[in-house]
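# Results of the structural survey
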Amino acid sequence: MYNAEQLHKKNSSNLKKEKKILFYNKIIDRFLMVFFIFAIFLIMIINILAKDKSFSEIENRTLTTMPKFTISSFMNGDFSEDFSSYINDNFAGRNGFLSIKTSFEKLLGKTKINSVYLGKKNYLIQSFTEASEEETSAKINAINSFFNEHSNLNTNIIEGLKLQGITSPTEVQKLTIPKALENIDIIAESHTGSGKTLAYLCPIFQKINTDKKEMQAIVLAPTHELVMQIDAQIKLLAKNSNMNITSLTIMGESNIEKQIKKLKEVKPHIIVGSAGRVLDLIKKKKITAHTIKTIVMDEADSLLAKNKSTIIKDIIKATMRDRQLMFFSASINPTSLDIAKSLVKDVEIVKSAGTSVLNPNISHMYIACEFRDRFETLRKFLAAENPERAIVFVNNSTELQNINEKLDYHKVKSTGIYGNASKEERQRSIEAFRNGKFNVLVSSDVSARGLDIPEVTHIISMDFPANPDEYLHRAGRTARGTLSGNSVCIGTRRDLEAIKAYQKAFKIKFKEMRLYGGNLIPVK
């Protein structure tokens, strides 16, 4: 039996032991926590070092028995046909140094891989093939001078373009830049993804007087998304070219007082915006129309539509008579062409070679199904093809939302651009799609007009616009630059009439496909 004093001592002793145990437990817990954090940190460091090692292997893989080599660029099409085909077949839509390195080594054998750049705009894959030092030097000089010879641009702009992986002008750039530099008014039609934005921005950059803090050029575009893309390209070219050229976006639906304040603060050389708000600010004398030297209409066919052309005419009338006008579009219908011609006295009409204004790097196909099975066909198609990025076109706003919700339900990473969404919501959706958070974008024709996302490999039409030009703008969201892409129509047999109209208008051929066993196969 314990007396009270002994019991008290025993309890005190037990309490001290429990406190000690708790104290040591806390120390052990903290030690384990620190250990796990350290372990995670160590794994991250190892992964980073492993990636750096992979890059360095690509940059510096050397062999003692290697002959001398000269630089050649896939973007310029300087590889052999077999090699170019191999790149198209294996790297379209793929992004990863290791897979490219492995494939290059298999193909080229004992060949040093000098560098691989995976830019946002295009793949620029540089490798070495046997040649003498003289040939090497001549080749590099030819690449460096190519843009200058064909476009008369200054060195700063050419160097800025090189940082974007652009070493030679596209056809529309060759045709328009020299004329634009001579201040000639231009109406240019060229397929989507052919480099029209730089075709007008490069001469604007060359002609801007950076010593003057005044507005010198206006670029008009029909959608918020296209305005933002053009402005982003201006800022990128200004940075890469080391030229002190400033720009500002002016859009409707935004607070006009804030825009007026920004105009005073930034004093932009180039204004990119929507026609209605630009005209409002010209009337308020906040945009100095008399200092504007160049006005560009991007997606001119949309801007010059009958119900919008009055605003464009009023903007042009507000500027000086000696200003330059440039109209660019993938398709200019006769009505828009007549309006454009009426706004200028002497104009140079430029069309890319070929009868079709559709990018030849796009494959066209259709899948026939019952109307009620369209979504299920879409879901199976996405599962079979697993596109890197896909845009699904639906013009009915209710159906657009339904398709997006159903794709979410089936664990497809998708986002949508709804007609009633705010511009901030639309911009967030597009940026999330551009950055790869979502690989499917469900959109209407209007919202996706002018989108330039090089990673888009598939365009899917769930309805069929009666106007073939709308199909042209849809399909043109893929195969940007030198890349290839696919345009797929999912519909009923009744929709075949629309497909026949597209084939006739653009001299293209649709291939009928079907889904079988989880694969997309041609219908014999």
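For clarity, every value in this text was computed on a predicted model and none was experimentally measured.

Reading the values: rules and limits
- Residues numbered from 1 in each chain as written.
- Predicted model: local features only at pLDDT ≥ 70, side-chain atom pairs only at ≥ 80, totals over all residues.
- Heavy atoms only, no water.
- Pairing = 2+ DSSP bridges.
- Helix = DSSP H or I, 4+ residues; strand = E, 2+ residues; numbered from the N terminus.
- Axes fitted to C-alpha atoms, helices over the stretch in contact; angles between N-to-C directions.
- Phe/Tyr/Trp six-rings, centres within 6.5 Å; stacked < 30°, edge-to-face > 60°.
- Buried < 20%, exposed > 50% of the residue type's maximum accessible area, 1.4 Å probe, protein only.
- Lys NZ or Arg CZ within 6 Å of the ring centre and 35° of its normal.
- Salt bridge = Lys/Arg side-chain N within 4 Å of Asp/Glu carboxyl O.
- Contact = heavy atoms within 4.5 Å.
- Expected span 1.5 Å × (residues − 1).

## Remarks on the sheet that holds strand β8 (residues 294–298)
Strand order in the open sheet formed by 7 strands is β6-β7-β5-β8-β9-β4-β10, with parallel pairing between adjacent strands. The open sheet has two edge strands, β6 (247–250) and β10 (347–351), and neither has a second partner. Strand after strand, the sheet turns through a mean of 15° between neighbouring axes, direction not considered. Bridging between strand β5 (residues 217–220) and strand β7 (residues 270–273) involves 4 bridges; their strand directions are parallel. Bridging across to β7, Val-219 finds its partner in Val-272.

## A word on the packing of aromatic side chains
Evaluated as defined, the whole model comprises 4 aromatic pairs. Summarising the aromatic geometry, the rings of Tyr-471 and Phe-510 are spaced 5.7 Å apart at their centres and angled 45° between planes, so their arrangement reads as tilted. Residue Tyr-471 is located in helix α18 (residues 468–475), and its partner Phe-510 is located in strand β17 (residues 510–516); the two are separated by 39 residues in the primary sequence. Residue Phe-510 is classed as buried on the basis of its relative accessible area of 5%. Positioned over the ring face of Phe-371 is Arg-374, at 4.3 Å from the centre of the ring.

## Here we look at the pattern of salt bridges
Oppositely charged side chains can form a pair if their charged atoms are brought close together. In the structure shown here, the tally under the stated rule is 13 salt bridges. Measuring nitrogen to oxygen at the nearest pair gives 2.5 Å for the salt bridge that ties Arg-379 to Glu-376. Remark: Glu-376 and Arg-379 occur in helix α14 (residues 374–385); sequence separation between them is 3 residues, near one turn of the helix. You can call Arg-379 partly exposed: its relative accessible area is 25%. Between Arg-480 and Asp-452 there is a salt bridge, with its nearest N and O atoms 3.0 Å apart. Of this pair, Arg-480 sits in the loop between α18 and β16 (485–491) while Asp-452 sits in the loop between α17 (445–448) and β15 (458–461), and the two are 28 residues apart along the sequence. As far as burial versus exposure is concerned, Arg-480 and Asp-452 are alike and both buried. Sharing partners across several salt bridges, the network here consists of Asp-445, Asp-463 and Arg-474.

## What to know about unusual backbone geometry
At Asn-242, a position not held by glycine, the phi torsion is positive, near 55°. You can see Asn-242 is positioned in the loop between α8 (224–241) and β6. Judged by its relative accessible area of 69%, Asn-242 is exposed. With phi around 55°, Lys-507 is a residue other than glycine that occupies positive phi space. Checked against the element boundaries, Lys-507 lands in the loop between α19 (496–506) and β17.

## Quick look at the side chain of Ser-329
Inspection of the secondary structure assignment puts Ser-329 in strand β9 (residues 324–329). Discounting residues that sit within four places of it in the chain, Ser-329 has contacts with Ala-188, Glu-189, Ser-190, Lys-196, Glu-299, Ala-300, Asp-301 and His-473.

## Quick notes on helix α16 (residues 423–434)
The end-to-end C-alpha distance of α16, which contains 12 residues, comes to 16 Å, matching closely the 16 Å that a straight helix rising 1.5 Å per residue would cover. Those residues of α16 lying buried are Lys-423, Arg-426, Gln-427, Ser-429, Ile-430, Ala-432 and Phe-433. Directly beyond the C-terminal end of α16, a positive phi value near 90° is found at Gly-436.

## Quick look at the environment of Val-456
In this fold, Val-456 is placed in the loop between α17 and β15. Exposure remark for Val-456: the relative accessible area of 1% places this residue in the buried category. Sequence separation between Val-456 and Pro-387 is 69 residues; the distance between their C-alpha atoms is 8.1 Å. When sequence neighbours within four positions are dropped, the list of residues in contact with Val-456 reads Arg-389, Ile-391, Phe-433, Arg-477, Thr-478 and Ala-479.

All we've got here are geometric facts, nothing functional implied.
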